[in-house]
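Listed below, chain by chain, are the residues.
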Amino acid sequence: MFMGRRRSSVFSSSSGVNSPEIAMRIRDNIGDDFFERFSGLSSRALEYRNRADKEAEKEQSLPFKLPGSTMNSSNAGSRRRSVTNVEDDLEELYVEVLYTIKHKIGQTDPYQHLAYNDELLDYAQAAFGIDSARHYRLFSKANQEKPPKVVLNVAVIEGRDLEAKDPNGFSDPYCMLGLIGNRSRRQVEALQSTPSSETFPEDVKEARSKKSSMYRHNRTKSRRDYNSDILEQLPAKFIRTTTVKKATLNPQWNETFQLPVDDPSEDILHLDIFDHDEEYEVMDAVKNVKNVQGIKGLNRYFKQIAQSARKSAADNVDDFLGCVDIRVLDIPSIGIDKVFNLYSRTTNKSRVQGSLRLRLNLTTREDKNQTNNLSDFLQHKDIITAFMKHEVKKFKTSIEWNGELNELAETILHQHAIQGNLTDLQLAACTWIALIDIHVHVVRLDYLVLFQALKHLDSLWVANGLGLDAEEITAECVGNFKDYALSCLEKEWYHFPMNRTIAQRQMESLLKCLRLLFECKFFKRFFPLDDSMNSVVTAAIKIAAIDYYHSIREKFRYDRDDDGSKGMESFSYTLIAMNYDLRRSFRTADKLFANFKIKYLAITMMELDKLVYGDFERFAFLKQMPDFSDVLNNRDPYAILKDDFFTAPGKEEPNAEIFVLYMALNDFIYLRKHLSEEDKLMHKWKEYNTPFIPFVLQWLSYAKVAAKRKMKSWVENDKISRAESIIRYSTSVIEANGMLTSIVHFIKDLKWPDPEQNCILMCKLISDIAEDVAYFSEITYRAFKDSGWLEHELLEVNDDLCIAVNNLETIRCHFMDFPEQLGWADMTKSLRDTGDPVLIKFANDCDGVLTQALFNGKKMLTERITKALEKLIKKMNTEISQHLAKLICPPMVSVESLTSPVVDFMDSILANLYSIMLKANFLRTLELLWLNILDQIMALTFANRTKEPACFINLYQSLSIFIEYFHAGDKGLPSDVIESERYHSVKRKVFYYQLSPQELIDSFVLEAVNIQSAMTKTPYGTLTIRIHYEKKSGKVMLEVIHARDVIPMDTNGLSDPFVIIRFLPMRIFSNVPLAKTSVVKKSLDPQWDERFEFAIPIDKCIKDCSAIHFALMDHDVMFQDELAGEGFLQLCKIPGLKGEQTKNFSGLREITMPLLHPKMMTSGILADIIEVLKCREQQKEGLDFLNVLFIE
């Protein structure tokens, strides 16, 4: 088997399927467009997303456009009556605006725009859309109305730093205040002389006619005839007195008074402060004003009142503390809160100091009742509504309006509020109601504008501050807004598309509005039983998710009763669209809702999860496939390598729509990663991928067969690729790489959720692709062979060779990159990081399967490439060998000239290959050629082994020239490839062939010493000695102590060891006799302790090649003694050569040598030297040396 599990060849059939019957059926039923149909699956979702992006870019604005019609009527059941739908009511409201403009009161704020009446009238006409004819008619009507009765509201707040008039250092201050004017003087004088109605001015006696409008009731009441009131209440109307504050210089009054204004342009507010102790007598004097005679002015009147309140007119005169005069004309329309410095009368010589804080404002009703002015409240609301609608029309979209009104509109509204005695709370309520009316019934406004208005209303709210009727209207408006806001949230996917920044801002502002609304004091008063904001918003989000899913399902015409291919396609695209929205919009919304502690995405995903699961369960055919889940769940990567996943009910090929559905479903489930771990646990649908396992396995099996079929067709109809590069390859490998890439991307795009199952699928995938590329290498090489290039002996580099090897190398590189593309290393690492021994073993098994598959595929491809290139090298051999043979000669000619022909020949071939071959194949060619050069040099050396050493000098020196040529200045073979073990072996052997016997012997001894020094194991035992050179006597003192672990040489498992001592080389120590120790019978650890003396001049001892050879022999009586081991000791390293003296030879350090054996000299340097010495049979010195070493 392929992968080492079976013995059958992957090339036994074109299909690669075990059963011939199945192979025939599959081959006949796989369509030519198999990969085309499946390669586009993963891009369908991308195409939809791109299409959705383009559609989103076309939406330049949200659906907030202002409709052409006027405001719709109020909701059914509303207690209030709308005026803008009825023409008559519109005119009544416009007349009210004109009346307000005509009768402006108060001084304009110097920091505000100074609006003239003409400007205000023009603005009002434009805002209400009144033509000129109607305007003049209605303006005339407004002029017929009586002017309003102006009232000055005075709040005496406090005095500061007043003059001390009492002995205790304090005063008992009180204030007397009133208005001074011509009309007031006439009325007082008339009252004192003839208190009859005939003496009152004519305009006071006239009766006010009432207007028919419901809004004129309160205003008409405020303009009633005041004749009887003046007769009865004239002193109270003109004079007001505060309470007396005892013993203080900084009195706190906080008392409010209302004074009717006769002529705002002339009247003056006059206020005196006196020090007095009897407050009740002052009030009596005020009530007895009819007894006062000859009043010529109000100042004198105040003074006489104060004087009439004395206990004793002679003794107790109230002290004057100061006065203030303020012109009514100077009082701003917005009111004033100011500290006024006190001053003295010109006729009063008393000392005056300190100041008085007053709060002043003008209204048009004396009997102010701010909780019972419903008509003014409604009028003000409707005027604001009209002005707001007019301002909104100036913008391209309604949400661009920031809630600010024109300065002219603000002026009109301010005057109407003053004339209607509307409080700040009522004004805030009117603004809020007007905004909500427009937002709910006309056009959508910026929720930030609503938020600011609501915040302002909440800051001013006091219980019962509006009045019962106005409060009910406000409550109804609040309820309408709450319901409307929640209804928008229930369709937030439509109203607030999160791909638009403006929609994100609107959503955030809406949530802020709701949060503030639920926290408002009046909301708890209006709706005490309502749930919390989080509860109602969560419920709205659930409804929105369900509504969204139904809408997107309807968009793609998904029929839940259709469980076939068409229904599955519609369901898939429903999921794709939903995933797009979840990824782009819903996650953005989740961040917004998170600021309000609402888990938007978790709530939405939970609802969508239920709906998707319910629809998915309707596809019954997903449960009809054979259950192959055990193949992926048993943690056996080898089990999946069998080819038995072809059975499918009703059709042979997998249905592409099944994978579209899986990918869409997988993307949907993948979005759970954005949820918290707690929220993830709430989702019960986890093994959604299980029904798709049979289809994936089936697809892999079909893909493997289809790939081979495609490859065979492409190779049979191969054409040279006409790419810009001159490197030769054909269309077959381009098609094959593209096809294999599509297979890999298809499986990768599945994003299989189970990591263990995913590893097994990847093992199956890589194993199948390895089989496919092996098949491709076979048919490619077969096609190359059929081209006839191999049969020609003529050396020719044509396209057939280059295309074949380039195709194979291209697909090899592509194949070896697949594990990295699949993220294989990270997959197995994550399993190992768990620390679970079972998973670690599973990961190792998967690595083994994958590594074997890669090895098999790479091996097959590399072998085919090498086989083709070897044919090229073989054709080059004849000429190369002829040129190399000329190097076997004495060094009479330079080696450069001798190697030039072979270099030129190779260069002529390689220069062509360099331009048309892939670099990897070119380097392979270089490597094969280099190895061939080494083989030929070695063969040439062996063939001429009997020649003189000088004949090998050129051959040895040529190696450096060839190294430089093949390295080619870092453009050729790397140094580690050139200077391989093979190269060093050839170089070493050629080097020794150029040496003399003496040089070879010296090299042998030095190498033997080096090998012996590097030994860490002693398979042939050790020999221990003690040695010293006596410089005075010129003797080498040697003691052979013992041997250990001698190898048994006799049949009894023991040996009879002794040691032969010989000095090498013999040409230097020819006069030094050899020595022997005694024989120790039957021992593997003999003990000798025998001493020897050798007279040797020091100049011979210090040579590097001088050594002592110890031959450990086994004595045999009947046969020849046998060598059990041998050791070498360099004489130049023994102690004493430098003149060191020793008095106790036995005290010298022992030297233990590991023993060598001829069996250890069958390879390596020693073997090479021995081989050269053997070849030179005519040279006796070398043969004698071999005999000494007991080498045959």
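Residues numbered from 1 in each chain as written. Predicted model: local features only at pLDDT ≥ 70, side-chain atom pairs only at ≥ 80, totals over all residues. Heavy atoms only, no water.

A. Highlighting the overall build of the protein chain. Within the protein chain, the regular secondary structure consists of 42 helices and 16 strands. Scored against the burial criterion, the 1192 residues of the protein chain give a buried share of 53%. Summarising the internal contacts of the protein chain: among those between residues at least 6 apart in sequence, 79% fall at separations of at least 24. Looking at the protein chain as shown, the accessible area adds up to about 54600 Å², and 50% of this sits on carbon and sulfur atoms. (Helix = DSSP H or I, 4+ residues; strand = E, 2+ residues; numbered from the N terminus. Buried < 20%, exposed > 50% of the residue type's maximum accessible area, 1.4 Å probe, protein only. Contact = heavy atoms within 4.5 Å. Areas by Shrake-Rupley, 256 points an atom, 1.4 Å probe, with all protein chains shown as cover.)

B. Inspection of the sheet that holds strand β13 (residues 1087–1095) at higher detail. Ordered by their spatial adjacency, four strands build an open sheet running β13-β10-β9-β16, and the pairing between neighbours is antiparallel. Unpaired on one side and paired on the other, β13 and β16 (1151–1154) mark the two borders of the sheet. Averaged over all adjacent pairs, the angle separating strand axes in this sheet is 25 degrees, with direction ignored. (Pairing = 2+ DSSP bridges. Axes fitted to C-alpha atoms, helices over the stretch in contact; angles between N-to-C directions.)

C. View of the side chain of H883. Among the structural elements, H883 can be located in helix α33 (residues 837–885). Ignoring any residue separated from it by four or fewer positions in sequence, one finds H883 in contact with L898, P901 and V902.

D. Fine view of unusual backbone geometry. Cis geometry is adopted by the peptide bond preceding P1065, which originates at L1064 and carries an omega value of -5 degrees. Positionally, P1065 belongs in the loop between β11 (1057–1064) and β12 (1075–1076). Here N254, not a glycine, exhibits a phi torsion of approximately 55 degrees, which is positive. Mapped onto the fold, N254 is located in strand β4 (residues 252–261). Overall, the relative accessible area of 52% leaves N254 in the exposed class. Here the phi dihedral of D970 falls at roughly 70 degrees; this positive angle occurs in a residue that is not glycine. For D970, the location among the structural elements is in the loop between α36 (953–967) and α37 (975–978).

E. Spatial organisation of the nonpolar core. Core analysis: the largest hydrophobic core is formed by 253 residues, its most contacted members being W432, M906 and F966. Here this core gets 16 residues from one element, more than from any other, and that element is α33. When neighbours within four sequence positions are excluded, F966 is seen to be in contact with M906, L926, L929, W930, I933, G972, L973 and I978. In terms of nonpolar packing, the next biggest core, distinct from the first, is built from 36 residues, V1040, I1068, F1069 and A1075 among them. (Core = buried A, V, L, I, M, F, W, Y, C linked by side-chain atoms within 4.5 Å.)

F. Spotlight on the sheet that holds β11. Taken in spatial order, the four strands line up as β12-β11-β14-β15 in an open sheet, and their pairing is antiparallel. Each having just a single partner strand, β12 and β15 (1122–1130) make up the two edges of the open sheet. For β11 and strand β14 (residues 1107–1114), the ladder comprises eight bridges, and the chain directions are antiparallel. The residue of β14 that forms the bridge with I1060 is A1111.

G. How the structure looks around the packing of aromatic side chains. Counted by the stated rule, this structure contains 34 aromatic pairs. Plain terms: the ring middles of F1004 and F1128 are 6.4 Å apart, the flat faces sit at 70 degrees to each other, and that makes the pair edge-to-face. Remark: F1128 occurs in strand β15 and F1004 occurs in helix α39 (residues 997–1014); sequence separation between them is 124 residues. Each of the two residues, F1004 as well as F1128, counts as buried. Through a chain of ring-to-ring contacts, the aromatic side chains of W461, F518, F522, F523, F526 and F527 assemble into a single cluster. The cationic tip of K751 hangs over the ring face of Y670; the distance from NZ or CZ to the ring centre is 5.9 Å. (Phe/Tyr/Trp six-rings, centres within 6.5 Å; stacked < 30°, edge-to-face > 60°. Lys NZ or Arg CZ within 6 Å of the ring centre and 35° of its normal.)

H. Seen up close, the pattern of salt bridges. Enumeration over the complete set of coordinates arrives at 35 salt bridges. In this structure, R327 engages D330 in a salt bridge whose closest nitrogen and oxygen atoms are separated by 2.9 Å. Classification of R327 as partly exposed rests on a relative accessible area of 42%. Classification of D330 by relative accessible area gives partly exposed; the value is 40%. Among the salt bridges present, the one from D337 reaches R359, with a minimum N-O distance of 3.1 Å. Of the two residues, D337 sits in strand β7 (residues 336–341) while R359 sits in strand β8 (residues 355–363), which places them 22 residues apart along the sequence. The class for D337 is partly exposed, based on a relative accessible area of 40%. Given the relative accessible area of 37%, R359 is considered partly exposed. One network of salt bridges, in which partners are shared, links K704, K708, K764, D768 and E771. (Salt bridge = Lys/Arg side-chain N within 4 Å of Asp/Glu carboxyl O.)

I. Just helix α34 (residues 895–916), in detail. The first and last C-alpha atoms of α34 sit 32 Å apart over 22 residues, in line with the 32 Å expected at 1.5 Å per residue. Remark: the principal bend of α34, roughly 30 degrees, maps to P901. Turning to α34, its buried residues number three or more, namely V895, L898, T899, V902, V903, F905, M906, I909, L910, L913 and I916. Each element contacted by the buried residues of α34 is listed here: α30 (799–816), α33, α35 (919–943) and α36. (Expected span 1.5 Å × (residues − 1). Bend = angle between axes of the 7 residues up to and from the residue.)

J. Region of interest: the environment of I1151. As for its placement among the helices and strands, I1151 is situated in strand β16. Here the alpha-carbon distance between I1151 and I1025, two residues 126 residues apart in the chain, equals 5.2 Å. Setting aside anything within four residues of it in sequence, one finds I1151 in contact with L1023, T1024, I1025 and I1027.

K. A look at the pairing of strand β5 (residues 268–275). The element β5 is largely enclosed, with a buried count of seven among its eight residues. Bridge analysis of strand β2 (residues 173–180) against β5 gives eight bridges, and the strand direction is antiparallel. The residue bridging Y174 from the neighbouring strand is F274, located in β5.

L. Just the layout of surface pockets, in detail. Taken as a whole, the largest pocket spans an internal volume of roughly 1300 Å³. The wall of the largest pocket is formed by 46 residues, among which H414, A417, T423, D424 and L427 lie closest to the centre. Listed by contribution, the elements that provide at least two residues to the lining of the largest pocket are β1 (150–160), β4, β7, β8, α13 (374–392), α14 (407–419), α15 (424–441) and α16 (447–460). For the lining of the largest pocket, the leading source of residues is α14, giving seven residues. (1 Å grid on protein atoms, 1.4 Å probe; cavity = no way out; pocket = protein on both sides within 12 Å on 5 of 7 lines; lining within 4 Å. Points joined across faces, edges and corners; volume = space filled by probe spheres on them.)

M. Molecular detail of the packing of α13 against α15. Running from N to C, α13 and α15 cross one another at 50 degrees; their axes reach a closest spacing of 8 Å. In terms of their interaxial angle, α13 and α15 are classed as oblique. Seen from above, α13 lies across α15 with right-handed handedness. Between α13 and α15, the contacting residues are F377, H380, K381, I384, T385, M388 and K389 on the first element and Q426, L427, A429, C430, T431, I433, A434, L435, D437 and I438 on the second. (Parallel < 35°, antiparallel > 145°, perpendicular 65-115°, else oblique. Left-handed = near helix turned anticlockwise from the far one by under 90°.)

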